[in-house]
Amino acid sequence: IEFGAGVGVIGSFLCKSRFNRIAFNVSPALKVVAFLVNAEASEALAASKKLLDAGTDGLKFYAATPGRNGVVLPEGAMRAGVEEAHSRGKVVFAHPSSGAGLRASVRAGVDVLTHTTPQSGPWDESVLAAMKQTGVALIPTLKLWKYEFRHERASLADGFVETAIGQLRAWL
């Protein structure tokens, strides 16, 4: 299923578990491919090939559904898309959403993590070592957390930002 969509649709999609897989066209040049937890590697590979054959510049995986009980996309599904994109010289982004999503993304070989994961607490040495070993880039989007928590207690937003800054400092 393909949609011409913006970020709002991506966010609402992740809450609708009846979809197995979906692709979002967020700009003429870059498409996002997102799979939910029951995606198989073969499905991820087929969808990735379709998007890359259409001339996309890269892929973005939603590595985990958001929230405390988020479910992680199978690493093999992500890896299949990563390997296909890399074989064509294309970049792969991951939206980790959680510590488990972060670890799966790094092990799958993504190039860029699009956020820190303050809800997971400080990153441990094994995560940081894997990130450094693979050379994964990080877009910390520190302003995101203040925006996301603008209707919450200031202390909650400040805590998220402090944790995100700590993760960024540890990664550096």
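Residues numbered from 1 in each chain as written. Predicted model: local features only at pLDDT ≥ 70, side-chain atom pairs only at ≥ 80, totals over all residues. Heavy atoms only, no water.

Along the chain, the position of serine 105 falls in helix α4 (residues 99-108). Between the C-alpha atom of serine 105 and that of valine 82, which follows or precedes it by 23 residues, the distance is 9.6 Å. In this view, serine 105 contacts Ala63, Met78, Ala94, Val110 and Leu113; residues no more than four positions away in its chain are not counted. (Helix = DSSP H or I, 4+ residues; strand = E, 2+ residues; numbered from the N terminus. Contact = heavy atoms within 4.5 Å.)

Within the largest apolar cluster, 28 residues are counted, with the highest numbers of intra-cluster contacts made by Met78, Val110, Leu113, Trp123, Met131 and Trp171. Secondary-structure elements contributing two or more residues to this core are α2 (41-53), β4 (58-62), α3 (75-87), β5 (91-95), α4, α5 (125-134) and α7 (154-171). Excluding its chain neighbours within four sequence positions, the residues that come into contact with leucine 113 are Ala94, Pro96, Leu102, Ser105, Val106, Met131, Val136, Ala137, Leu138 and Ile139. With six residues, the next largest nonpolar core counts Trp145, Phe160, Val161 and Ala164 among its residues. (Core = buried A, V, L, I, M, F, W, Y, C linked by side-chain atoms within 4.5 Å. Buried < 20%, exposed > 50% of the residue type's maximum accessible area, 1.4 Å probe, protein only.)

Further remarks concern the pattern of salt bridges. Evaluated as defined, the whole model comprises four salt bridges. We note a salt bridge from glutamate 75 to arginine 79, for which the minimum N-O separation is 2.5 Å. Placement of both glutamate 75 and arginine 79 in helix α3 is noted, with a separation of four residues, approximately one turn of the helix. For the salt bridge of arginine 107 with glutamate 75, the shortest nitrogen-to-oxygen distance reads 2.7 Å. Of the two residues, arginine 107 is situated in helix α4 and glutamate 75 in helix α3; the sequence distance between them amounts to 32 residues. Residues joined in a network through salt bridges with shared partners are Asp53, Glu84 and Arg88. (Salt bridge = Lys/Arg side-chain N within 4 Å of Asp/Glu carboxyl O.)

Okay, the packing of α4 against α5 next. Contact geometry for α4 and α5: axes closest at 10 Å, N-to-C directions at 30°. In terms of their interaxial angle, α4 and α5 are classed as roughly parallel. Like other packed secondary-structure pairs, α4 and α5 cross with a definite hand, here left-handed. Residue-level inspection shows Leu102, Arg103 and Val106 of α4 in contact with α5, the latter providing Val127, Ala130, Met131 and Thr134. Classifying every residue of the contact of α4 with α5 by side-chain character gives five nonpolar, one polar and one charged. (Axes fitted to C-alpha atoms, helices over the stretch in contact; angles between N-to-C directions. Parallel < 35°, antiparallel > 145°, perpendicular 65-115°, else oblique. Left-handed = near helix turned anticlockwise from the far one by under 90°. Nonpolar A, V, L, I, M, F, W, Y, C, P; charged D, E, K, R; others polar.)

The next thing to look at is the sheet that holds strand β6 (residues 112-113). Reading across from one edge, β4-β5-β6-β7 is the order of the four strands in this open sheet, with parallel pairing throughout. Both edges of this open sheet fall to β4 and β7 (137-138), since each of them pairs with a single strand only. Judged from the five bridges that link them, β4 and β5 form a sheet pairing that is parallel. Across the sheet, the residue bridging to phenylalanine 61 is alanine 94, located in β5. (Pairing = 2+ DSSP bridges.)

Moving on, we get to the pairing of β5. Handedness of the crossover is the feature at issue here: the chain leaves β4, passes through α3, returns alongside β5, and the resulting connection is right-handed. Inspection of the sheet shows β5 paired to β6 by two bridges, in the parallel sense. In the strand pairing of β6, phenylalanine 93 is matched with valine 112. For the crossover from β5 across α4 to β6, the handedness is right-handed. (Right-handed = clockwise from strand over helix to strand, strands pointing away.)

Relative accessible area serves as the criterion here: at 29%, arginine 79 is assigned to the partly exposed category. Separated by 31 residues in the primary sequence, arginine 79 and valine 110 place their C-alpha atoms 8.1 Å from one another. Arginine 79 has contacts with Arg107 and Ala108, leaving out every residue within four places of it along the chain. At 2.5 Å, the side chain of arginine 79 and the side chain of glutamate 75 are in polar contact. (Polar contact = N/O pair within 3.5 Å; in protein donor to acceptor, adjacent residues only side chain to side chain.)

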